[in-house]
Amino acid sequence: MLFTNFNIAFEPFRFENSYEYFAPYYFKKDGGINFTYIGGENYKYFSWDWYRIPKEKKSPQWTEPFFDKDAGDIIMSTYSAPFYKETKGKKEFLGVVTADISLSGLTEILASLKITPTGFAFLIFKNGTFIFHPQVNFIMNETIFTLAKKLDDSSLKNIGIQMVNGNIDALTNTSLIPGQKSWVFFHPITTNGWSMSVVIPENDVFADMHGITNRVTLISTIGLVFLLICVIWISRSITKPIRVLSNVTDEIAVGNLDVPIPAIKTSDEIGRLVDSYIHMRDNMKKYIEEVIHLTADKERMESELNFAAQVQQGFLPQEHPKYLNYEFGAVTVPAKFVGGNFYDLIPLQNGHLGLALGDFSGKGVSQLFTWRNS
Amino acid sequence: MFATATYITLDIDNRTMSITNAGHFPLVIRNHEGVISQHGLNGGISQGILPDPKYQTEQVILNPGDIGLLYSDGATEAQNKNKQQFNFSGISYILEQEAQISPEELISRLQQ
């Protein structure tokens with residue numbers, strides 16, 4: 001911080017009886033230090049704030065910052081302190097000492113404050129005027145309240161009130177950095193009643209956290225995709241032989257027992273299933289061959305039985321003997337191929353006829369000859 | 001193994017029958033007046049059970065118009081659609097119904 005101008009301004013006629021105005025003033029101009037006396041009929045400094053307020057308040061005061069054109073348009077603030085003459089324990093006001101202080105150094109410090117990539121600091125005077133703001137045209141031209149009105153932001157107005165009242169707080173705001181939720185931290189500068197604030201967007205605060213979250217999300221997503229691929233791959237590798245078996249089953253169902261069954265030599269259930277399948281297919285082939293064999297046997301037996309039935313039928317009388325006044329009729333209907341009933345009409349000597357009817361227990365082929373032989 | 005049998009000798013001219021029954025159904029005769037009688041009821045036991053069985057012989061005299069019928073269990077145990085057996089009552093019913101019928105016709109009736 002740079003002190004540029006100094007001034008000692010006395011009360012009228014207190015420095016010397018002959019001077020109503022006495023205020024020697026050292027100031028910087030054109031690279032050198034200049035001296036002059038200020039005060040006169042056209043600059044009655046007694047009524048100016050920088051003189052009057054410290055006198056009335058009996059305490060040092062900071063004036064509102066201003067642009068000093070002589071010093072090259074730099075922001076200045078004047079520090080004014082009253083001084084007294086003490087005689088016999090009684091203080092008598094003599095005048096005001098001032099020092100103009102360039103705020104360019106302060107603004108440089110504030111401008112260099114890069115807390116976060118998009119965060120910034122600003123400084124306001126006790127009436128809310130921006131002493132520093134990264135937007136240079138605000139400085140000395142806007143107050144936090146006019147800005148709040150322009151942005152139509154009551155929360156910013158509230159922040160301004162809190163800051164002007166010298167409060168310490170951290171409040172949220174969405175208009176200072178448009179489109180982003182920001183935290184506004186403010187703290188008063190107790191010696192001069194100014195208030196400094198730092199605005200930090202929430203995204204910057206949580207950038208690292210968001211970064212971690214994003215990374216975690218990315219890793220989980222990649223993990224999940226990998227898991228999904230694994231699940232699909234495993235399930236496909238399990239279901240593939242089942243699908244092949246399903247096709248094989250369709251072939252077997254329509255009777256194509258020679259369809260090749262893929263050899264899957266695994267020790268799991270699928271491998272065992274395929275083994276069972278091959279076993280089943282081979283057994284089915286064997287059973288079908290047996291059935292064909294049995295059917296052939298059955299056909300041969302039936303033809304033999306038919307022949308036996310014809311032989312049996314041949315044993316029965318083909319023609320009945322004819323006698324006057326007699327009629328004969330007979331029929332045998334075999335229950336199976338070979339019947340158990342027999343009859344015969346046997347012409348005997350001396351005009352006699354034998355009629356015989358027999359019924360064997362059971363109806364088989366073996367009895368056939370038993371009857372005939374007995 | 002055993003067998004039932006009926007053996008009849010018929011004297012053609014004297015119309016006399018000698019019936020010997022070995023455990024078989026009796027001979028059924030429907031006479032010319034429609035009366036049904038059974039013969040050979042004291043039939044003895046089936047053949048093949050005792051080593052030397054003895055059988056009685058029954059004499060029956062036939063009259064003109066008499067019908068004789070021998071049958072086996074295939075006739076009595078025949079079942080209709082309702083699983084009812086034909087039985088002897090079925091045979092006698094048929095015989096009562098038919099007055100003048102040839103043996104061939106009788107058999108075809110019984111077969112129905």
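Being a predicted model, the structure only gives us computed values, none of them experimental. (Residues numbered from 1 in each chain as written. Chains lettered and ligands numbered in written order. Predicted model: local features only at pLDDT ≥ 70, side-chain atom pairs only at ≥ 80, totals over all residues.)

Focus: the nonpolar core
Thought 1: Residues F122, I124, I131 and F132 of chain A are the most contacted members of the largest nonpolar core, which totals 25 residues.
Thought 2: Contributing elements (two or more residues each) for this core: strand 8 (120-124), strand 9 (130-132), helix 3 (144-151), helix 4 (154-164), strand 11 (182-189) and strand 12 (194-201) of chain A.
Thought 3: At 5 residues, strand 8 of chain A tops the list of elements feeding residues into this core.
Thought 4: For F132 of chain A, the contacting residues outside a window of four places in its chain are L106, T107, L110, F122, L123 and I139 of chain A.
Thought 5: Among the nonpolar cores identified, the runner-up in size contains 21 residues, and F342 of chain A together with A3, L10 and A22 of chain B belong to it. (Core = buried A, V, L, I, M, F, W, Y, C linked by C-beta atoms within 7 Å. Buried ≥ 20, exposed ≤ 12 C-beta atoms within 10 Å, placed from the backbone. Helix = DSSP H or I, 4+ residues; strand = E, 2+ residues; numbered from the N terminus. Contact = placed C-beta atoms within 7 Å.)

Observations regarding the sheet that holds strand 3 (residues 27-30) of chain B
Whenever strands of a sheet pair, they do so through backbone hydrogen bonds, lying parallel or antiparallel.
Residue and element names in this part refer to chain B.
Thought 1: Pairing is antiparallel across the open sheet formed by 3 strands, whose spatial order is 4-3-6. In the strand order of this sheet, the two ends are held by strand 4 (36-39) and strand 6 (67-69), each with one partner. The sheet shows a mean angle of 25 degrees between the axes of neighbouring strands, direction not considered.
Thought 2: Summarising the sheet, strand 3 and strand 4 pair through 4 bridges and their orientation is antiparallel. Across the sheet, the residue bridging to V28 is Q38, located in strand 4. (Pairing = 2+ DSSP bridges. Axes fitted to C-alpha atoms, helices over the stretch in contact; angles between N-to-C directions.)

Some points on the interface of chain B and chain A
Thought 1: Contact with chain B, which involves 25 residues of that partner, is made by 22 residues of chain A.
Thought 2: When residues of the side of chain B that touches chain A are traced back to their parent elements, those giving at least two are strand 1 (3-11), helix 1 (73-76) and helix 3 (103-111) of chain B.
Thought 3: Ranked by residues supplied to the side of chain B that touches chain A, first place goes to strand 1 of chain B with 9 residues.
Thought 4: Summarising the sheet, strand 14 (residues 352-360) of chain A and strand 1 of chain B pair through 9 bridges and their orientation is antiparallel. Counterpart to G354 of chain A in the pairing with strand 1 of chain B is T9 of chain B.

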